Amino acid sequence: MEEKEHCELEDLKKLQATYQVVWLNIVGLQNVELIQHLGKLFNLHPLALEDVVSLGQRPKLDQYEGSAFMVMHAPEPSGELEFEQYSMFVGENFVITIQERPGDCLEPVRDRLRRSGGHIRKRPSDYLAYAIFDTIVDHYFPMVEGYLEKVDKLENDVIANDAVINIEELHRIRHLLLNLRLILWPTRDVAGSVAGKEQPIFSAETRLFFRDTHDHTLQLGDMVDACRSSASELMDLYLSKVNARMGEVMKVLTLIATIFMPLSFIAGLYGMNFDRQYPGNMPELGFRYGYFAVLTLMGTIAFAFVFYFWKKGWIGRNTLK
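On a predicted model such as this, the values are computed, not experimentally measured, just so you know. (Residues numbered from 1 in each chain as written. Predicted model: local features only at pLDDT ≥ 70, side-chain atom pairs only at ≥ 80, totals over all residues. Heavy atoms only, no water.)

(A) Inspection of the overall build of the protein at higher detail. Counting its regular elements, the protein contains 9 helices and 5 strands. Helices and strands in the protein line up, N terminus first, as α-β-α-α-β-β-β-β-α-α-α-α-α-α. In summary, the protein has a C-alpha radius of gyration of 37 Å against a globular reference of 20 Å for 321 residues, an excess of more than 25%. Considering only C-alpha atoms, the protein reaches an extent of 125 × 35 × 30 Å along its principal axes. Across the protein, the fraction of contacts at a sequence separation of at least 24, relative to all contacts at a separation of at least 6, is 64%. For the protein, the accessible surface area stands at approximately 18900 Å², while carbon and sulfur atoms represent 56% of it. Both charge centroids of the protein, one from 33 positive and one from 43 negative side chains, sit 9 Å from each other. (Helix = DSSP H or I, 4+ residues; strand = E, 2+ residues; numbered from the N terminus. Rg over C-alpha atoms; globule rule 2.2 N^0.38 Å. Contact = heavy atoms within 4.5 Å. Areas by Shrake-Rupley, 256 points an atom, 1.4 Å probe, with all protein chains shown as cover. Lys, Arg positive; Asp, Glu negative; His and termini not counted. Charge placed at Lys NZ, Arg CZ, Asp CG, Glu CD.)

Put into structure tokens, the structure is as follows:
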């Protein structure tokens, strides 16, 4: 095996003649002329070359004469739900990968190639393409598992500690998971297409390996759906608890207002300054112990209300009767 960090176009034909498989990894899409020269050198279809420089492509597999073209989205090493478009050409004795910017998740593939005893060094170019595709898919697992743990922690905090969660953050997580699902589903179709149909570039043995990658994409899809479902249920649970707390506050305020209504009526009635000299104008105002009698009456009414509410379960209990 020979590994070069920089390679001139003139050397590529020599490398093809020397080695059974050549993997050319290009970083950056600024040099459109270079990509066009590669198209001529490796006989790549012009439509596929247009898709390379056009970002936002959907994961897909296109078959052309003498080569296959794949578009994938690799997760960023940061762990956030950010993706980088990968374009990959697979020919009889070459694999060309084109990525947007430096830094990728393909170091495990390079390490396998550097080990002289690895099976990957003895297999054709379609197996190398499988190894690249499978490594990109596997790098989705830590990301999805991280969001599953984050949603589970939020759910436990809400249930156990009545923690206040950021609804906007929860909406953001659901939106990001939806974008991830929109990427994983066509990626699943690409793996299933290679695994389930005879392909001119991919051998029957390599298609068996793609079947395993297809299973991984199905597993990832289930995990994403479970995470989105948990996020939705968490939001419903949180809003239900907020509404329940609001209902408890309103119940307490209503009970207080109910207790003070008759007290306010009595206080207002005896506070209208009636003249006792005229008949029918509240002779009770001249009662010697009227002040204490009214206070006792008001206290009795308040106690009766509180006792009634307690007997009905509206005070001191969590369930309404």
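Next comes the rest of the description.
(B) Looking closely at the pattern of salt bridges. Enumeration according to the criterion identifies 12 salt bridges in this entry. Lys60 is paired through a salt bridge with Asp51; the nearest N and O atoms lie 2.7 Å apart. For Asp104, the salt bridge identified is with Arg110, shortest N-O distance 2.9 Å. On the accessibility criterion, Arg110 (17% relative accessible area) is buried. Taken together, the shared-partner salt bridges in this structure form one network comprising Glu3, Asp104, Glu107, Arg110, Asp111 and Arg114. (Salt bridge = Lys/Arg side-chain N within 4 Å of Asp/Glu carboxyl O. Buried < 20%, exposed > 50% of the residue type's maximum accessible area, 1.4 Å probe, protein only.)

(C) Spatial organisation of the nonpolar core. Of all hydrophobic cores here, the largest spans 53 residues; its most connected members are Met70, Ile136 and Phe202. Where this core is concerned, the elements lending two or more residues are strand E3 (67–75), strand E4 (83–91), helix H4 (107–114), helix H5 (125–138), helix H6 (140–161), helix H7 (167–196) and helix H8 (204–269). Here this core gets 11 residues from one element, more than from any other, and that element is H7. The contacts of Phe202, once residues within four sequence positions are left out, are Gln63, Ala68, Met70, Val90, Asp126, Ala129, Val194, Arg207 and Phe210. (Core = buried A, V, L, I, M, F, W, Y, C linked by side-chain atoms within 4.5 Å.)

(D) Representation of a nonpolar patch on the surface in the model. A surface patch of nonpolar side chains, about 650 Å² in accessible area, is lined by Met246, Val249, Met250, Val252, Leu253, Ile256 and Phe260. On the secondary structure map, Leu253 appears in helix H8. Take Leu253: its relative accessible area is 49%, and that puts it in the partly exposed class. (Patch = residues over 30% accessible without salt bridge, like charges linked within 9 Å, V, L, I, M, F, W, Y side chains within 5 Å.)

(E) A look at H4. Along H4, the residues classified as buried are Val109, Arg110 and Leu113. The buried residues of H4 all sit within an arc of 100° when viewed along its axis, so they share a single face. Considering only its buried residues, H4 is in contact with strand E1 (22–27) and H5. (Arc of directions from axis to C-beta.)

(F) Spotlight on the packing of H7 against H8. Across the interface, H7 lies against H8 with an axial gap of 8 Å and an inter-helix angle of 160°. The angle between the axes of H7 and H8 places the two elements in the roughly antiparallel class. Our pair here, H7 against H8, has a crossing hand that is left-handed. When its residues are assigned to classes, the contact of H7 with H8 shows 19 nonpolar, 8 polar and 7 charged. (Axes fitted to C-alpha atoms, helices over the stretch in contact; angles between N-to-C directions. Parallel < 35°, antiparallel > 145°, perpendicular 65-115°, else oblique. Left-handed = near helix turned anticlockwise from the far one by under 90°. Nonpolar A, V, L, I, M, F, W, Y, C, P; charged D, E, K, R; others polar.)

(G) Spotlight on the packing of aromatic side chains. Enumeration over the complete set of coordinates arrives at 11 aromatic pairs. Geometry around Tyr147 places Lys150 over its ring, the cationic atom sitting 4.8 Å from the centre. (Phe/Tyr/Trp six-rings, centres within 6.5 Å; stacked < 30°, edge-to-face > 60°. Lys NZ or Arg CZ within 6 Å of the ring centre and 35° of its normal.)

(H) Up close: the environment of His6. Inspection of the secondary structure puts His6 in the segment before helix H1 (9–18). Take His6: its relative accessible area is 67%, and that puts it in the exposed class. Along the sequence, His6 and Ile26 sit 20 residues apart, while their C-alpha atoms lie 9.7 Å from each other.

(I) Quick look at the pairing of strand E5 (residues 94–99). Here E5 lies mainly inside the structure; 6 of its 6 residues are buried. Going residue by residue along E5, you find Phe94, Ile96 and Ile98 tucked away on one face and Val95, Thr97 and Gln99 tucked away on the opposite face as well. As paired strands, E1 and E5 are joined by 6 bridges and run parallel to one another. Bridge pairing in E5 places Ile26 opposite Ile98. Looking at chain direction, E4 and E5 are connected through 5 bridges and run antiparallel. Bridge assignment links Ser87 to a residue of E5, and that residue is Ile98. Here E4 folds back onto E5, and the loop between the two strands holds 2 residues. (Pairing = 2+ DSSP bridges.)

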